[in-house]
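Observations on the model geometry
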Amino acid sequence: MNHTEVLTRYTANFVDELAMNGLTDAVISPGSRSTPLALTIAEHESIKEWVIIDERSAAFFALGMAKKTKRPVALICTSGTAAANYYPAIVEAYYSRVPLIVLTADRPHELRDVGAPQAIEQIKLYGDYVKWFQEMALPEAAPDMLKYARSKAARAFFMAKEGNPGAVHLNFPFREPLVVDFELDHLWGKVSQTSYLPTFEGEKHLTSNQLTELSQLLQNKAKGLIVCGPQTDRYLAKAVTKLASKWELPIIADPLSQLRSGEHKKQHIIDGYDAFLRNETIREELKPDFIIRIGAMPVSKAYLFFVKQHMDALQIVIENERGFREPTGNKTEFIFANARTVCEALTEVDNHTQYRKEWLRKWQQMNAISKKHFSRHTENPITEGEAMRGLIHAIPNHSSIFVGNSMAVRDLDTFFLTTEKHIEVLANRGANGIDGMISSGMGAAVHGSRLTLVLGDLSFFHDMNGLHAAMHYGISATVLLMNNNGGGIFSFLPQANDKRHFEALFGTPLNIDFQHVIAMYGGHYDRPQSEEEVKMAVQASYQRNGLSVIEVKTDREANAIWHRDKWKAIEEEIVSGEE
């Protein structure tokens, strides 16, 4: 058996096993050393290949796709710094728990550490940011080695999605020649209908004794609060709102909690908390006896202050899998079990504590005041908040939002009020970076419902080459670009008081006409001047195919003043009503 046949059979068995386990998408960046993997994936009829030239963009594209589909996506690149460019997206995948299968090609062992070109140290390149690493054996076609290739593929797919999902990394050393032969008989090996390593996983739940113990912890604690942070279980909403209804508790629902939209009951959902929890007096008035949190820590810094101020409250965090996501350092009870199942079980538990209706009513009244103020229209030049409000009004049912970090996600927190529409909200809130946002949005846009990407001008600038995927593959997506000519979020921070250095170091104005960029990538461009025009532009974008970019130009300083005036008015009305 010659070298080409050995290489082909080894690689084909590995790729076929990935497909057998459920891999449907692979993102490939061009390169020579990865030729066997790239060609074989492109040849396999069950796997769709996406060619993204820049590896950093490719990795974020795969990340967005995996977030949307909740399935592992494969990444393939050549040796050298190509693999290093995956690093930021792999870090995000680790913290936001997204399954990726990273396949890096490498020089064979004899060409490492001898000055050969395009050879860097790729062994455990991503450190602890991957769940599992394997240095693959050099290709062989003996029956035991083909079994080896299949077992590693099956295990990689399983490891990427089990427990807390994340990235796995397999490093493939290949010797030249690198071309494979698809004319071989029985190219994909023995035909099988199941994985080489089939697995059966059970769902974690609490025992009856543990439920009783938890119920006893909550006895005689009348002022409770349920908090739902960023999470992706679309079925959680019904279970947690049913529990809140029985226990008469308010639910703080983060914009990424998947609770603010849908057909479940929303009377207990508090969506305006970020505004009124900014006030220390109000936070003290809302002192809880216990907090039950599901999902990651909410986006809102005001909520963080609230938790720190009430560190003596019993705090319970429910995680579907192991993980200690509690940045305040407060004493915390952790429950490692399926959150939906725990909520359903607690609803059936006889809890004799009389939760106070007036406690719930107080949260609801403050929430109503916040929503009233943020629903009022002004005649001033459009602000980012009003543009976000226009988007939420216009976005169609059964669609998705991929929101950027910094101000974009915070304005979504404020203006994404409860709705009967089904709107899935995605974001890169693991490491909270601004890199790769366009690529992630385009990756998420290729599967399922129509998607709108919302981000600021710095995030847009940082990943403009991510627009190439939209042009190359004809991806239909809407981008709402909030352009305040710099880092708008810094205007809300103490750094803004340093007038000498603020603009150069933090404001960082770009002074770029993005209309030319959008034209370069074949997109449709709109620049609305009012909230009503934003609504019309958003609605029109959903009627056309391809890329649509809606740019809203705002003033950073005016935007900060507008937000602060709203917060102040809300605080004053609540505090005066309490006196």
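Reference entry: report on the structure contained in this document.

The rules behind each value
- Residues numbered from 1 in each chain as written.
- Predicted model: local features only at pLDDT ≥ 70, side-chain atom pairs only at ≥ 80, totals over all residues.
- Heavy atoms only, no water.
- Axes fitted to C-alpha atoms, helices over the stretch in contact; angles between N-to-C directions.
- Helix = DSSP H or I, 4+ residues; strand = E, 2+ residues; numbered from the N terminus.
- Parallel < 35°, antiparallel > 145°, perpendicular 65-115°, else oblique.
- Left-handed = near helix turned anticlockwise from the far one by under 90°.
- Contact = heavy atoms within 4.5 Å.
- Nonpolar A, V, L, I, M, F, W, Y, C, P; charged D, E, K, R; others polar.
- Buried < 20%, exposed > 50% of the residue type's maximum accessible area, 1.4 Å probe, protein only.
- Pairing = 2+ DSSP bridges.
- Disulfide = S-S within 2.5 Å.
- Polar contact = N/O pair within 3.5 Å; in protein donor to acceptor, adjacent residues only side chain to side chain.
- Right-handed = clockwise from strand over helix to strand, strands pointing away.
- Salt bridge = Lys/Arg side-chain N within 4 Å of Asp/Glu carboxyl O.

Looking now at the packing of helix H14 (residues 384-394) against helix H15 (residues 407-415). The angle between the axes and the distance between the axes are what describe a pair of packed helices. Packing of H14 against H15 brings their axes to within 9 Å, and their N-to-C directions diverge by 60°. Looking at the two axes, H14 sits oblique to H15. In this structure, H14 meets H15 at a crossing whose hand is right-handed. Where H14 abuts H15, its residues Glu384, Gly385, Met388, Arg389 and Ile392 lie against Met407, Ala408, Asp411, Leu412 and Phe415. Each residue belonging to the contact of H14 with H15 can be placed in one class, and the counts come to 6 nonpolar, 1 polar and 3 charged.

Turning to H14, a few remarks are in order. Along H14, 10 of the 11 residues are buried, which leaves the element largely enclosed by surrounding structure. Glu384, Gly385, Glu386, Ala387, Met388, Arg389, Gly390, Leu391, Ile392 and Ala394 are the residues of H14 that are buried.

Paired through their backbone hydrogen bonds, the strands of a sheet run either parallel or antiparallel. Spatially, 6 strands are ordered S9-S8-S7-S10-S11-S12 in an open sheet, and the strand pairing comes out parallel. The outermost strands of the open sheet, each flanked by one partner alone, are strand S9 (269-270) and strand S12 (333-336). In this sheet, strand S11 (residues 314-319) lies alongside strand S10 (residues 290-294) in parallel orientation, the contact comprising 5 bridges. When the bridges of S11 are listed, arginine 293 appears paired with valine 317. Running at roughly 170° to strand S7 (residues 224-228), helix H8 (residues 236-247) makes contact with S7, strand S8 (251-253), S9 and S10 of the sheet.

What follows concerns the packing of helix H3 (residues 55-69) against helix H5 (residues 87-96). Interaxial distance between H3 and H5 falls to 8 Å at its minimum, and their mutual angle equals 25°. Accordingly, the angle class assigned to the pair H3 and H5 is roughly parallel. Viewed along their axes, H3 and H5 form a crossing whose handedness is right-handed. Residues Ala59, Phe60, Leu63 and Lys67 of H3 pack against Pro88, Ala89, Glu92, Ala93 and Ser96 of H5.

Glancing now at the state of the cysteines. Enumeration according to the criterion identifies 0 disulfides in this entry. Of all cysteine sulfurs, the one in cysteine 343 lies closest to cysteine 228, which takes part in no disulfide; the gap is 6.9 Å.

Those residues of helix H12 (residues 339-348) lying buried are Ala339, Thr341, Val342, Cys343, Leu346 and Thr347. Among the structural elements, helix H7 (208-217), H8, S10, S11 and S12 are those in contact with the buried residues of H12. Capping of H12 at its N-terminal end is provided by asparagine 338; its side-chain oxygen lies 3.1 Å from the backbone amide nitrogen of arginine 340.

Below, the discussion takes up the pairing of strand S13 (residues 399-403). With 5 of its 5 residues buried, S13 lies for the most part within the structure. Every second residue of S13 is oriented toward a common face, with Ser399, Ile401 and Val403 on one face and Ser400 and Phe402 on the other, all of them buried. Summarising the sheet, S13 and strand S14 (residues 423-427) pair through 5 bridges and their orientation is parallel. Its bridge partner being in S14, isoleucine 401 is matched across the sheet by valine 425. Of the crossover connections in this fold, the one passing from S13 over H15 to the parallel S14 is right-handed. As paired strands, S13 and strand S15 (residues 451-456) are joined by 4 bridges and run parallel to one another. What sits directly across from phenylalanine 402, in S15, is leucine 453.

Enumeration according to the criterion identifies 28 salt bridges in this entry. Between lysine 362 and glutamate 285 there is a salt bridge, with the nearest N and O atoms lying 2.5 Å from each other. A residue pair is termed long-range when its members are at least 10 positions apart, and lysine 362 in helix H13 (residues 357-375) and glutamate 285 in helix H10 (residues 280-285) qualify at 77 residues. By relative accessible area, which is 34% here, glutamate 285 ends up partly exposed. Residue arginine 389 is joined to glutamate 531 by a salt bridge in which the shortest nitrogen-to-oxygen separation is 2.7 Å. Placement of arginine 389 in helix H14 and of glutamate 531 in helix H21 (residues 531-541) is noted, with a sequence separation of 142 residues between them. Looking at arginine 389, the relative accessible area reads 10%, which means it is buried. The buried category is assigned to glutamate 531, whose relative accessible area is 9%. Through salt bridges with shared partners, a single network forms among Asp16, Glu17 and Arg150.

Structurally, the position occupied by arginine 322 is in the loop between S11 and S12. In the structure, arginine 322 is positioned 317 residues away from glutamate 5 in sequence and 44 Å away in space, judged by C-alpha atoms. For arginine 322, the residues in contact, after removing those within four places along its chain, are Arg97, Asn164, Lys204 and Phe336.

Below, the discussion takes up unusual backbone geometry. In the segment running from glutamate 176 into proline 177, the intervening peptide bond is cis, with an omega of 0°. Looking at the element boundaries, proline 177 is found in the loop between strand S6 (167-173) and H7. One non-glycine residue, threonine 508, adopts positive backbone phi at about 40°. Residue placement: threonine 508 occurs in the loop between helix H19 (502-507) and helix H20 (514-520). By relative accessible area, threonine 508 is classed as partly exposed at 28%. The residue asparagine 511 is not glycine, and still its phi comes out positive at about 55°. We classify asparagine 511 as exposed; its relative accessible area is 63%.

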